Amino acid sequence: MPQSDAGQGGQESHPHSNRAQLTGLLENLVSMGLRTSVKVLSVDNIQASVEVAQALRLSEGERVQKAVRVRSTREGPLSHITTWVPLSIAKDFGRKELAKKPILLLLEESGVKVGRAEQSISARLADAHLAQQLDVAIGSALLDVRRLIFDEDDQPIQWLHGLYRPD
């Protein structure tokens, strides 16, 4: 998965400026989360697949919380988001909490100090399920975002796969 530090923005690498840019990114994500509504489609505690375990640096089969949500504005659905969080971190929040607060806020409230993020952005076409969830035509182009959030100790704490309407 091609990845880049979310805080670098193509500028010279200065630890303080990267931290400031990442803080701005995270604040924007939380702000967007507070200005939109979310419908929680599912929250399950599952065994990590090979791909999820690798991303989160867990042992295969270790337990994670998998949450699937659709985020909307007044105009309609905006994104279909699936997140995986190690169960040791996500044990104190579930469907009710995920419906009320952005997951980054829940992570911080659970004592996690967010450090950095890596993300890749590509595109994919909406299948029948996604088209229905996002209120778009089957075959519509979607932004495909993969984001890995790390804590201050550089341990992965959340893996996100988001599919966004391009409009």
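Everything numeric in this text was worked out from a predicted model, so none of it was measured.

A few points about the overall build of the protein
- A count of helices and strands for the protein gives six helices and seven strands.
- Within the protein, the proportion of its 167 residues that are buried is 46%.
- Counted over contacts in the protein with a minimum sequence separation of 6, partners at least 24 positions apart contribute 58%.
- Entry remark: accessible area of the protein is about 9,100 Å², with carbon and sulfur atoms responsible for 49%.

Notes on the environment of valine 43
- Mapped onto the elements of the fold, valine 43 is located in strand 2 (residues 37-47).
- Valine 43 sits 50 residues away from phenylalanine 93 along the chain, and the two C-alpha atoms are 9.9 Å apart.
- Those residues in contact with valine 43, other than ones at most four positions away along the chain, are Gln65, Lys66, Ala67, Gly94, Arg95 and Leu98.

Looking at the confidence of the model for the protein
- Within the protein, residue pLDDT values average 83, and 79% of them lie at 70 or more.
- Per-residue pLDDT stays below 50 along residues 1-23; that stretch engages in 30 contacts with residues further than four places along the chain or on separate chains.

Section: the packing of aromatic side chains
- Going through the model one piece at a time under the given rule, you end up with one aromatic pair.
- Both rings, one in tryptophan 84 and one in tryptophan 159, keep their centres 5.2 Å apart while their planes meet at 35 degrees; by these two values the pair is tilted. One end of the pair, tryptophan 84, is in strand 4 (residues 76-86); the other, tryptophan 159, is in strand 7 (residues 156-164), and 75 residues separate them in sequence.
- Against the face of phenylalanine 150 rests arginine 116, its NZ or CZ located 3.8 Å from the ring centre.

What about the nonpolar core?
- Among the nonpolar cores identified, the biggest contains 16 residues, and Val85, Ile89, Phe93, Leu98, Leu107, Ile149 and Ile157 are the most heavily contacted of them.
- At the level of secondary structure, the elements contributing two or more residues to this core comprise helix 3 (87-90), helix 5 (103-109) and strand 5 (114-125).
- Top contributing element to this core by residue count: helix 5, with four residues.
- Not counting residues within four places of it along the chain, the set of residues in contact with phenylalanine 93 comprises Gln65, Leu98, Ile103, Leu106 and Leu107.
- Counting 11 residues, the second-largest nonpolar core is a separate cluster that includes Leu56, Leu58, Trp84 and Phe150.

So, the pairing of strand 7
- In terms of burial, strand 7 is largely enclosed, as nine of its nine residues are buried.
- Sheet topology note: the strand 4/strand 7 ladder contains six bridges and is antiparallel. Residue threonine 82 lies in a different strand from strand 7, and its bridge partner there is histidine 161.
- Here strand 6 (residues 141-151) runs beside strand 7; their pairing, made up of eight bridges, is antiparallel. Paired with leucine 143 across the strands is tyrosine 164, a residue of strand 7.

Calculation rules
Residues numbered from 1 in each chain as written. Predicted model: local features only at pLDDT ≥ 70, side-chain atom pairs only at ≥ 80, totals over all residues. Heavy atoms only, no water. Helix = DSSP H or I, 4+ residues; strand = E, 2+ residues; numbered from the N terminus. Buried < 20%, exposed > 50% of the residue type's maximum accessible area, 1.4 Å probe, protein only. Contact = heavy atoms within 4.5 Å. Areas by Shrake-Rupley, 256 points an atom, 1.4 Å probe, with all protein chains shown as cover. pLDDT = per-residue confidence, 0-100. Phe/Tyr/Trp six-rings, centres within 6.5 Å; stacked < 30°, edge-to-face > 60°. Lys NZ or Arg CZ within 6 Å of the ring centre and 35° of its normal. Core = buried A, V, L, I, M, F, W, Y, C linked by side-chain atoms within 4.5 Å. Pairing = 2+ DSSP bridges.

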